[in-house]
Amino acid sequence: MKMNQKLSWVLMLGATVLFSQCKNADNPEPEDPNELITTVRLHFTQQGTTTPVSFAWRDPDGEGGNPPTQFDAITLKANTTYTLEIELLDESKTPIEEITQEIEEKKEEHLFVFTTSPTGLLTYTYGDQDARGLPVGLTGTTRTGNAGTGTFKVQLRHQAPVGGVAVKDGTPGPGSDDVNLTFNLTVQ
Amino acid sequence: MRVIQICLLFLLGTLAVRAQVPSCDCFVKGVVRDQHTAQPIPGALVLVVGQNKAVTSDEKGRYELSGLCPGHYQLECRIVGYQSIREDIDLSAGHEENFSLAEEEIHLKDIEITAHRTDAPLLMPVEVLSGSDLAQTRGQSLAESLKGLTGVTTLQTGASIAKPVIHGLHSNRVLIMNNGVRQEGQQWGSEHAPEIDPFVATRLSVVKGAAGVRYGSDAVGGVILVEPEELPIDKPLSGELNLVGFSNGRQGITSGTLQGGVKGWAGVGWRAQGTLKRGGNVRTPNYYLDNTGIQEKNFSLAAGYRHQGFGVDLFYSRFDTQLGVFSGSHIGSVTDLLNVIEQGEPLIKSGFSYEINRPFQDVSHNLGKMEAHYHFPDGNRLQWVSSWQYNQRGEYDLHRPRNDSLAALNRPELSFRLTTFTNEFLWDHKPLAQKFSGQIGISNLYQYNLMQGRPLIPNFDQWSLGVFAIERLVHNGWELEAGLRYDYRHLTTYRVVNRQKITDVFAFRNASGTLGAGRALGDHLSLRLNLGTAWRAPNVSELFSDGVHHGAAAYERGDASLRPEQAFNSIGSIQYSRPSLTVELGAYYNYLRRYIYLKPQPEPILTVRGAFPFFQYTQTDASFRGVDASLNWKPTARLAWISKLSYLRVYDERNNAYLVQIPSNRWENQLRYEVPQAGGWQQLFVSVGNLWVGEQRRVPVNSDFAPPPPAYALWNVQLGGTLPMGEKNDLEVGLTVHNVFDTVYRDYLNRFRYYADEIGRNISLRVKWKFGA
């Protein structure tokens with residue numbers, strides 16, 4: 001390997017500065033953040049219709065660099081039932097990576113948690129389950145209350161097994177946040 | 001750089017006592033030699049403490065002290081470039097009564113005094129851990145071993161990762177010299193422990209204060225010297241075997257050494273050493289910490305040759321560890337962190353296990369070193385040290401990649417590979433007028449880092465060149481030292497930003513100086529004062545970080561316009577020393593110009609995991625003021641009281657505020673009772689100690705998620721002794737109980753203080769079998 005070559009160099013050259021030895025450092029590999037999520041889209045489809053209204057959070061270059069480019073406020077009709085589908089993307093990659101699909105495949109260790117404040121503004125019911133009958137939250141149903149304003153927090157809990165033992169138990173407790181976004185919500 | 005190598009001053013003295021009591025014509029004579037080369041040392045001062053008698057060794061290293069009365073004396077030998085040594089000689093009447101007068105009028109007795117050639121500036125405070133004090137720390141990590149020294153604390157990440165902190169400074173502000181070579185690992189990270197096996201060393205020294213002239217960049221807070229024993233040239237085979245067990249974590253360590261000369265090959269010596277360590281989940285008083293196991297496999301090989309003033313040494317060491325990182329410390333968002341703090345204990349609990357799961361660190365460090373020197377017959381000396389280091393660091397996150405094919409590869413999410421070459425040439429000029437000695441040195445370094453995975457730091461390559469000179473004078477009870485150094489460093493970084501390669505070039509230059517004076521006042525009192533400067537170039541993480549630091553729940557951003565830090569350090573000490581009482585009082589003032597730190601920014605940064613507090617690497621001017629005090633009082637021959645106090649106060653002078661992550665003040669007391677002999681045992685001792693650590697009240701307001709933890713006090717008990725099993729064949733046994741009362745506490749300088757308590761009671765048993773030496 002290259003190492004032996006270098007060792008012999010150093011033994012031969014002593015104090016000489018080895019300018020020519022730095023050929024690999026100047027060839028950095030592209031960064032490889034496997035866990036990156038740059039885009040969160042919420043698709044609300046009113047019951048009985050097929051065209052969703054969508055709201056998004058986007059930070060196409062990931063953490064750091066430029067600030068997020070989009071953080072929509074959610075506006076929904078009062079006392080209406082919607083289906084809610086979540087779409088996650090990594091737009092920093094070419095081609096754009098579908099994170100939603102990966103969550104679907106790993107749903108035994110993921111849980112979406114939706115928290116509305118004030119609580120009456122919107123209620124959420126899970127529409128999917130993993131193999132152990134625990135909720136996931138990629139699809140679900142929401143029911144808005146009376147008109148008002150508040151916030152709608154979307155969390156994706158990554159509840160990976162600890163020491164080979166599953167920790168997901170249907171509650172938000174275990175694991176850590178992969179997504180934690182608080183959208184402004186207006187019900188009118 | 002004269003002091004780079006570790007060689008022993010060997011004072012082979014022949015003590016002659018003329019037993020014509022009560023007349024005072026006993027004499028002591030002998031030769032002062034450097035053990036490394038066996039060359040005589042001219043100009044060494046040999047004095048009898050309390051007798052106002054001193055002589056200087058002649059050009060053949062010989063000395064003779066005459067006109068001594070029978071009695072108890074301390075013999076002291078001092079020579080520039082070596083640590084002064086003291087040896088007790090007992091010429092008591094009681095001793096002589098055992099001599100048969102018929103036997104001979106002159107009784108001859110060999111006394112061997114071994115002194116260590118110091119690798120430290122003469123006039124700076126140096127704390128040394130060796131012999132039985134070092135033996136009591138065996139099995140612990142390097143930083144843990146050192147934290148019994150005054151002014152030295154640790155910065156921890158959980159129970160298994162510890163970094164040494166000297167006078168409040170750590171990481172890249174503390175330089176580690178591993179067997180005479182700058183340790184070039186990944187020390188910029190606060191969760192990156194030094195990649196060193198303490199079993200390699202028989203001596204750990206801490207130089208406190210800025211020592212930039214001798215060591216170059218990074219010696220801002222101090223220097224840690226990890227020094228193995230001199231190679232056993234032409235000595236018979238000897239060795240030792242250490243077995244250590246810790247109850248907490250059910251940790252077991254075994255380490256062995258074999259060494260000797262080679263028959264028929266004059267001038268040759270060799271040593272082989274290896275360590276194995278395995279530990280499982282550690283336990284706080286109330287719960288286990290999940291995934292805190294550790295595994296280590298280290299070894300080192302050394303060989304050397306000496307012939308007529310010429311010597312060459314080869315050394316290779318490999319350090320290899322896997323460290324579990326407490327799984328409860330993975331923080332996705334600020335909400336996660338606040339939840340854990342509110343809960344008061346980890347959300348993930350577990351039982352005992354040796355298994356290491358994600359997240360974990362996989363670190364290895366290789367060091368190859370060649371040292372050659374030649375002593376010219378006229379007293380000049382030339383030395384060349386060349387080294388190669390290869391550091392590999394993999395960090396595995398809690399989560400594997402979501403993508404199955406990537407996950408199957410099981411690659412570290414962060415990988416650093418750092419290769420370093422260093423060279424150093426030293427010329428020690430011969431003593432001039434038996435007063436001046438000095439050293440000129442030139443050193444260079446070339447290194448490059450290869451980075452893969454999650455964006456954190458860029459690839460880089462850098463080279464540096466340093467030139468220095470130090471001159472010392474011993475005259476009329478004064479010791480003076482002065483030195484100058486100039487460094488140049490050239491750094492090139494390579495990053496990919498938005499799929500484009502960006503290259504940045506930096507050049508750093510710095511001049512350092514040192515000035516020291518020491519004065520002995522009478523036989524028991526001495527004063528020392530040292531002024532020194534040191535510098536440190538900003539490291540790549542300070543220049544280019546840009547992202548969330550998981551575990552700290554902070555968004556950290558570097559600044560490519562940072563300039564080098566400079567330390568101006570003054571340190572003075574008074575030492576009063578008698579056989580029954582030693583008091584040392586040291587005070588320091590360290591001013592760090594352009595001190596680099598993470599400054600909280602008013603606006604948080606929004607990421608997909610929510611808003612994170614935003615910290616930017618910024619420079620300010622900081623002052624570090626402190627006092628180290630120690631006392632060793634022996635009211636009776638068997639009882640000793642040892643007390644150590646460290647006080648530190650740090651202030652941001654530019655912003656008129658305190659700084660974060662400064663160790664709190666501490667006071668350690670120990671009562672020790674020794675029994676020289678009982679049954680078949682020797683050097684039996686029992687000690688009870690208490691460590692009090694204060695609450696850090698000097699913190700900037702609103703800079704932290706949780707306030708610093710309250711003060712705590714820990715008790716520990718130690719007992720030990722040596723069981724001789726034959727000639728040159730000893731068994732040393734030690735039993736230690738740390739945190740006797742299973743006290744629940746947290747330390748401000750443990751980064752996991754948000755998540756979990758510190759470890760509870762820990763009982764350790766150490767057995768060391770030593771043979772042949």
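Structure shown above.
Residues numbered from 1 in each chain as written. Chains lettered and ligands numbered in written order. Predicted model: local features only at pLDDT ≥ 70, side-chain atom pairs only at ≥ 80, totals over all residues. Heavy atoms only, no water.

> Where do I start with the overall build of chain B in this structure?
In terms of regular secondary structure, chain B is built from seven helices and 41 strands. A burial count over chain B gives 57% of its 773 residues as buried. Pairs at least 24 apart in sequence give 66% of the contacts found in chain B among residues at least 6 apart. A total accessible area of about 30700 Å² is found for chain B, and carbon and sulfur atoms account for 56% of it. (Helix = DSSP H or I, 4+ residues; strand = E, 2+ residues; numbered from the N terminus. Buried < 20%, exposed > 50% of the residue type's maximum accessible area, 1.4 Å probe, protein only. Contact = heavy atoms within 4.5 Å. Areas by Shrake-Rupley, 256 points an atom, 1.4 Å probe, with all protein chains shown as cover.)

> In this structure, what is going on with the interface of chain A and chain B? I would like to understand it.
Accessible area lost when the parts come together is the quantity often used to give the size of an interface. The interface of chain A with chain B comprises 56 residues on the first partner and 55 residues on the second. Summing both partners gives a buried area of about 4800 Å² for chain A against chain B, and 56% of it is carried by carbon and sulfur. Taken together, the links from chain A to chain B amount to zero salt bridges. Seen at the junction of chain A and chain B, the total is five residue pairs in polar contact (both at pLDDT 80 or more). Sorting elements by how many residues they give to the side of chain A that touches chain B places strand 11 (residues 176-187) of chain A first, with six residues. Considering only residue class, the side of chain A that touches chain B consists of 24 nonpolar, 16 polar and 16 charged. (Buried area = accessible area lost by both parts, 1.4 Å probe. Salt bridge = Lys/Arg side-chain N within 4 Å of Asp/Glu carboxyl O. Polar contact = N/O pair within 3.5 Å; in protein donor to acceptor, adjacent residues only side chain to side chain. Nonpolar A, V, L, I, M, F, W, Y, C, P; charged D, E, K, R; others polar.)

> Explanation requested: the sheet that holds strand 11 of chain A in the structure shown.
Through backbone hydrogen bonds, the strands of a sheet pair up, either in parallel or in antiparallel fashion. The four strands lie next to each other as 4-11-10-7 (chain A), forming an open sheet whose pairing is mixed. Each edge of the sheet is formed by a strand with only one pairing partner; in this case those strands are strand 4 (74-76) and strand 7 (110-117) of chain A. Neighbour to neighbour, the strand axes of the sheet diverge by 25° on average, direction disregarded. Along the sheet face, helix 5 (residues 334-343) of chain B touches strand 10 (148-158) and strand 11 of chain A and points at about 110° away from the line of strand 11 of chain A. (Pairing = 2+ DSSP bridges. Axes fitted to C-alpha atoms, helices over the stretch in contact; angles between N-to-C directions.)

> Would you take a moment to explain the nonpolar core for this structure?
Taken as a class, soluble globular proteins show a tendency for nonpolar side chains to be buried jointly. Membership of the largest hydrophobic core comes to 30 residues, with the highest contact counts inside it found for Val 40, Leu 42, Phe 44, Ile 74, Leu 88, Phe 112 and Phe 152 of chain A. For this core, the element with the most residues is strand 11 of chain A, which contributes five residues. Residue contacts for Val 40 of chain A: discarding those within four places in its chain leaves Phe 55, Ala 56, Trp 57, Glu 87, Leu 88, Val 179 and Leu 181 of chain A together with Val 608 of chain B. If you look at the next biggest cluster of nonpolar residues, it comprises 18 residues, including Ile 457, Phe 508, Phe 544 and Tyr 617 of chain B. (Core = buried A, V, L, I, M, F, W, Y, C linked by side-chain atoms within 4.5 Å.)

> Before we go on, may I ask you to explain the packing of aromatic side chains in this structure?
Applying the stated criterion across every chain, the model contains 30 aromatic pairs over all chains. For the ring pair Phe 71 of chain A and Phe 183 of chain A, a centre distance of 5.2 Å and an interplane angle of 80° mean the geometry is edge-to-face. Within this pair, whereas Phe 71 of chain A is found in strand 3 (residues 70-71), its partner Phe 183 of chain A is found in strand 11, the two being separated by 112 residues in sequence. On the basis of relative accessible area, Phe 71 of chain A is assigned to the partly exposed category, the value being 35%. Taking the centre distance of 4.3 Å and the plane angle of 5° together, the rings of Phe 360 of chain B and Tyr 396 of chain B count as stacked. Taken together, the residues span a long stretch of sequence, with Phe 360 of chain B in strand 21 (residues 360-375) and Tyr 396 of chain B in strand 22 (residues 381-396) at a distance of 36 residues. For the pair shown, Phe 360 of chain B and Tyr 396 of chain B are each scored as buried. (Phe/Tyr/Trp six-rings, centres within 6.5 Å; stacked < 30°, edge-to-face > 60°.)

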